[in-house]
Amino acid sequence: MTARTDARVPRHLAIVMDGNGRWAKQRLRPRTFGHHAGQKAVREAVEFCLRRGIASLTLFAFSSENWQRPPTEVSALMELFLKAIDREVDELHGNGVRIRFVGDLDAFAPELHARMRGAMERTSGNTALNLNVAVNYGGRWDIARAARLAAEAASRGEFGFDEIDEQRLHGYTCLADQPPLDLFIRTGGETRVSNFLLWQIAYAELYFTDTLWPDVDQDRLAEALDDYARRERRYGRTGEQVAG
Ligand code: FPP
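Conventions and cut-offs
Residues numbered from 1 in each chain as written. Predicted model: local features only at pLDDT ≥ 70, side-chain atom pairs only at ≥ 80, totals over all residues. Heavy atoms only, no water. Helix = DSSP H or I, 4+ residues; strand = E, 2+ residues; numbered from the N terminus. Rg over C-alpha atoms; globule rule 2.2 N^0.38 Å. Buried < 20%, exposed > 50% of the residue type's maximum accessible area, 1.4 Å probe, protein only. Contact = heavy atoms within 4.5 Å. Areas by Shrake-Rupley, 256 points an atom, 1.4 Å probe, with all protein chains shown as cover. Lys, Arg positive; Asp, Glu negative; His and termini not counted. Charge placed at Lys NZ, Arg CZ, Asp CG, Glu CD. Near = heavy atom within 4 Å. Polar contact = N/O pair within 3.5 Å; in protein donor to acceptor, adjacent residues only side chain to side chain. 1 Å grid on protein atoms, 1.4 Å probe; cavity = no way out; pocket = protein on both sides within 12 Å on 5 of 7 lines; lining within 4 Å. Sits in = over half its atoms within 2 Å of the grid points. Points joined across faces, edges and corners; volume = space filled by probe spheres on them. Nonpolar A, V, L, I, M, F, W, Y, C, P; charged D, E, K, R; others polar. Phe/Tyr/Trp six-rings, centres within 6.5 Å; stacked < 30°, edge-to-face > 60°. Lys NZ or Arg CZ within 6 Å of the ring centre and 35° of its normal.

(A) Just the overall build of the protein chain, in detail. Within the protein chain one finds eight helices and six strands. Along the protein chain, helices (α) and strands (β) appear in the sequence β-α-α-β-α-β-α-β-α-α-β-β-α-α when read from the amino end. Expected size for 244 residues packed as a compact globule is a radius of gyration near 18 Å; at 18 Å, the protein chain falls within 12% of this value. Considering only C-alpha atoms, the protein chain reaches an extent of 55 × 45 × 35 Å along its principal axes. Per-residue burial for the protein chain yields a buried fraction of 49% across its 244 residues. When contacts within the protein chain are restricted to residue pairs at least 6 apart in sequence, long-range pairs at least 24 apart make up 75% of them. Accessible area for the protein chain stands at about 12600 Å²; split by element, carbon and sulfur atoms hold 49% of it. Between the mean site of the 33 positive side-chain charges and the mean site of the 35 negative ones, the protein chain shows a separation of 3 Å.

(B) Structural detail: the site of the ligand. Around the ligand sit 18 residues in total, of which Asp 18, Gly 21, Arg 22, Arg 31 and Arg 69 are the nearest. Within the backbone of Gly 19, a nitrogen or oxygen atom sits 3.3 Å from an oxygen atom of the ligand. Between the ligand and Arg 22, the relevant distance is 2.7 Å, taken from an oxygen atom to a main-chain nitrogen or oxygen of the residue. Cavity membership is defined here by more than half of the atoms lying within 2 Å of grid points; on that basis the ligand lies in the largest pocket.

(C) Examining the layout of surface pockets more closely. Taken as a whole, the largest pocket encloses approximately 1000 Å³ of empty space. If you go around the largest pocket, you meet 43 residues; those closest to its centre are Met 17, Val 42, Phe 60, Ala 61 and Phe 81. Of all the elements in the fold, those that place two or more residues in the lining of the largest pocket are α1 (20-26), α2 (31-52), β2 (56-63), α3 (71-94), β3 (97-102) and β4 (129-137). Residue composition of the lining of the largest pocket, grouped by class: 21 nonpolar, ten polar and twelve charged. Its volume calculated, the second largest pocket comes out at about 430 Å³.

(D) Geometry of the side chain of Thr 123. Its location among the elements puts Thr 123 in the loop between α4 (110-122) and β4. Discounting chain neighbours no more than four positions away, the residues touching Thr 123 are Val 89, His 93, Val 97, Arg 98 and Ile 99.

(E) Region of interest: the packing of aromatic side chains. Taken as a whole, this structure holds ten aromatic pairs when the rule is applied. Consider the rings of Phe 60 and Tyr 137, whose centres lie 6.2 Å apart with planes at 85 degrees: the pair is edge-to-face. A residue pair is termed long-range when its members are at least 10 positions apart, and Phe 60 in strand β2 and Tyr 137 in strand β4 qualify at 77 residues. The same class applies to Phe 60 as to Tyr 137, namely buried. Note on Tyr 137: relative accessible area 1%, which makes it buried. By the ring-pair criterion, three or more aromatic residues cluster together here, those being Phe 60, Tyr 137, Trp 141, Phe 184 and Phe 196. Here the basic side chain of Arg 27 rests over the ring of Trp 23, its NZ or CZ set 3.8 Å away from the ring centre. Cation over ring: Arg 168 sits above Phe 159, and NZ or CZ is 4.0 Å from the ring centre.

That is the geometry; function is a separate question.
In structure tokens form, the structure reads like this:
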């Protein structure tokens, strides 16, 4: 299915997939059990976006701050990412999904980094859904990197430093080539942004749910989209102006 233009359906959906650890704890299992269960919910979310004709899905899989977790959990997550790439890429590619890993990828082990690059190259021509997996990502990192890239271009003489405005800077942020972020979902009951997509969130609708990420299925995502469809997006204008 190709991307829709119905304004009540988000074109770009981002999710902070929180609650894996608590889901596992409720079952008296280690946290990594929750991360494995979380993978199933990732599959549900991808399927849901393909069905609904959503153009971009951006998932927060590993933040710049997640390196501070216990080393065993960090290595279990790395192992999980590696296996997920090996196992899922064929099917995602078959479904026309373009995979992009966004974040500071240099920090990952060479093997994982190479797999990430391979998955991105292999699926780069696909158009059914942009699946952006944020790993070692931070919103402040994204903005600082964009500022650095813009300054470098200015010092090469591509444009003047005084021409670095919002639009120009936006062009250097990670997801600049994709539709603006419409809907930001966080599962797991916390009502924080946690340094995810700070630039892109400016006019996004925010949706928080207590549901733990492994319990999220397509019905739960449909509820979030129903809620989004009822929102009035004013972008600074009055309600009357929007209606008129
Ligand atoms: C947050 O829950 C979750 C993560 C830091 C990892 C997310 C990873 C997955 C869902 C695995 C699959 C992902 C891909 C893209 C293959 P938490 O551990 O902070 O949960 P808690 O708040 O209950 O402790």
